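Structure assessment
Chain residues, written in single-letter form:
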Amino acid sequence: MRWVATRHLSAREEKRTLMRTMNLVTGFLVLGAALTGCMKSESDDDPGDPTSSGNGASGPGAGAAGGAGNAGAGGNPTASGGGGSGGGSTLTACSTTQLLLGNPYFTGDLEGWNPDGQPLLADPPLRNRHIAVHADNVFVETQYEVWMTEGANVRRVAGDEFDPVYRYDPAGDCADVRFITASGVTTLPNGNVVVTDSIGNGVVELSGLPGACTAKPIAGNAVAIEDVDIGGDVADPGDVDGPDATAKTYGPELPVSDEDGNIYFIDGGNSKIKKIANDAARTVTTLHDFASVDEASPLAMTAFGGKLYVVGVEAVSDFLWAIGTDAPGQFEEVFNQVGTFEEIGTSTTATMNGLTNDGEALIVGSAKGYIFRLSTSGEQLATLAGTGQVVDFPPDLDFAAGVPANETPIKAISTIIGSVARKGNSILYAGTAAGVGFHVLDIACE
């Protein structure tokens, strides 16, 4: 399974060291089970929690391109641990890529962000682990904070990485909310934002954005707690379905939403996929229990058309699951195999770690350096972007002028952490380079 119960130390720097080690070990466990061992792990450059600090230099390519907003029909595209009402038509081909956020050529220290707002392409870039979209706004989860784009700037809306009291605090003004280990973000049709905290062990909803923002827990642990007071792996673990006030979880992560405002997340410590209904009680139900599946690691999800689609790795193969969204969800294993994608071949997994949809088909991010369009029956429909496995990010790409989609380097945050979102007729991809060169690509499609 993907989720690893690892206790974080109380000191901030010790915690970071442990998180770095945990993510590196987890990545290698997944790689050891899912890959042939012949590839270079993305987590060699960045083990998933890069927290080095200081200054850096801006690289070329200072262009920023937004999507087309809520144009056309389509479903409610959701990213891997992200989502929202990005809208748009089906996406059968992509043309050029520009830089929406961050700087792939940054080589300095990740500190000194301006929480009141900074330009989208300012240094240092945000640690964009997971992204989600609602209308013209992109939401970024950095592991400790949530940021929101507004026009040409991005500002912090919740969390504080450098708060001296390291804690989980899920209620009140968003500025006072704190995360121990944020583990995914999604948006709802009404514009609310949902964040999971796998160690604080709760699902938190942020309401009122872009104006005055308040937060409340809607599943799992509802009580503020300092890291030093967590006696086990996570705060207040359990496995109980029911109304929000009574539902218990064990390490929630990777939330996504559907067009009706229902929320789905992986309850990692319980090896379950759960749903939070858009009803008055925010009722939590279990859709699927994958505890009996040996070495199953769900890595990304998206929901549309009455089904929740889940991708990941199991032993030495990739899988695609389709699960009905009414509990208990009707389960279908669409495939469990290698060789799904022509560019990757039959000797290794694709390691699908990012997922959204265009209302008709799946948009899949692969740790092997591609973005694919995949039918819900598991057939490769198109290769939308990418050049294959990226070890060293190509120098001097001119994102301002636009980089052809088939020449765009697709380099995930780590082998098991990818994030793909839909914004109008654009695909947004959260990547990194050289460990700290975090960025969000805007890939124009049609």
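Right, let's walk through the structure included here. (Residues numbered from 1 in each chain as written. Predicted model: local features only at pLDDT ≥ 70, side-chain atom pairs only at ≥ 80, totals over all residues. Heavy atoms only, no water.)

The helix and strand tally for the protein chain stands at one helix and 29 strands. Burial analysis of the protein chain (446 residues in total) assigns 62% to the buried set. Pairs at least 24 apart in sequence give 57% of the contacts found in the protein chain among residues at least 6 apart. (Helix = DSSP H or I, 4+ residues; strand = E, 2+ residues; numbered from the N terminus. Buried < 20%, exposed > 50% of the residue type's maximum accessible area, 1.4 Å probe, protein only. Contact = heavy atoms within 4.5 Å.)

All right, on to the nonpolar core then. Of all hydrophobic cores here, the largest spans 26 residues; its most connected members are Val157, Ala158, Phe179, Val193, Val195, Leu206 and Leu209. Elements supplying a minimum of two residues to this core: strand 5 (145-150), strand 6 (153-159), strand 9 (182-187), strand 10 (193-197) and strand 11 (202-207). Residues within four places of Leu206 in sequence aside, it is in contact with Val157, Ala158, Cys174, Asn192, Val193, Val195, Cys213, Thr214 and Ala215. Residues Val140, Leu299, Ile417 and Phe438 belong to the second largest nonpolar core, which totals 24 residues. (Core = buried A, V, L, I, M, F, W, Y, C linked by side-chain atoms within 4.5 Å.)

Right, let's get into the pattern of salt bridges. Taken as a whole, this structure holds 17 salt bridges when the rule is applied. Among the salt bridges present, the one from Asp163 reaches Arg167, with a minimum N-O distance of 2.9 Å. Neither Asp163 nor Arg167 differs from the other in exposure class; each is buried. Note that Arg373 is salt-bridged to Asp358, the shortest N-O span being 2.8 Å. You can see Arg373 sitting in strand 24 (residues 370-374) and its partner Asp358 sitting in the loop between strand 22 (352-357) and strand 23 (362-366), a full 15 residues away along the chain. In this structure Arg373 comes out as buried when scored by relative accessible area, which is 6%. (Salt bridge = Lys/Arg side-chain N within 4 Å of Asp/Glu carboxyl O.)

What follows deals with the pairing of strand 28 (residues 426-431). Residues in a regular strand point their side chains to alternate faces of the sheet. The element strand 28 is largely enclosed, with a buried count of six among its six residues. The side-chain alternation of strand 28 yields two buried faces, one formed by Ser426, Leu428 and Ala430 and the other by Ile427, Tyr429 and Gly431. Pairing of strand 27 (residues 419-423) with strand 28 involves five bridges; the strand directions are antiparallel. Within strand 28, the position partnered with Ser419 by the bridge is Ala430. Direction of pairing for strand 28 relative to strand 29 (residues 439-445): antiparallel, over a ladder of six bridges. Its bridge partner lying in strand 29, Leu428 is registered against Asp442. (Pairing = 2+ DSSP bridges.)

A negative phi angle characterises most non-glycine residues, just as the trans form characterises most peptide bonds. In this structure, the amide linkage connecting Leu209 to the following residue, Pro210, adopts the cis form with an omega of 5 degrees. A cis amide bond links Ala327 to the next residue, Pro328, at an omega of -10 degrees. With respect to the element layout, Pro328 can be found in the loop between strand 20 (317-324) and strand 21 (331-337). With phi around 70 degrees, Asn201 is a residue other than glycine that occupies positive phi space. Residue position: Asn201 is located in the loop between strand 10 and strand 11. By relative accessible area, Asn201 is classed as buried at 0%. A positive phi angle is found at Arg282, which is not glycine, with a value near 50 degrees.

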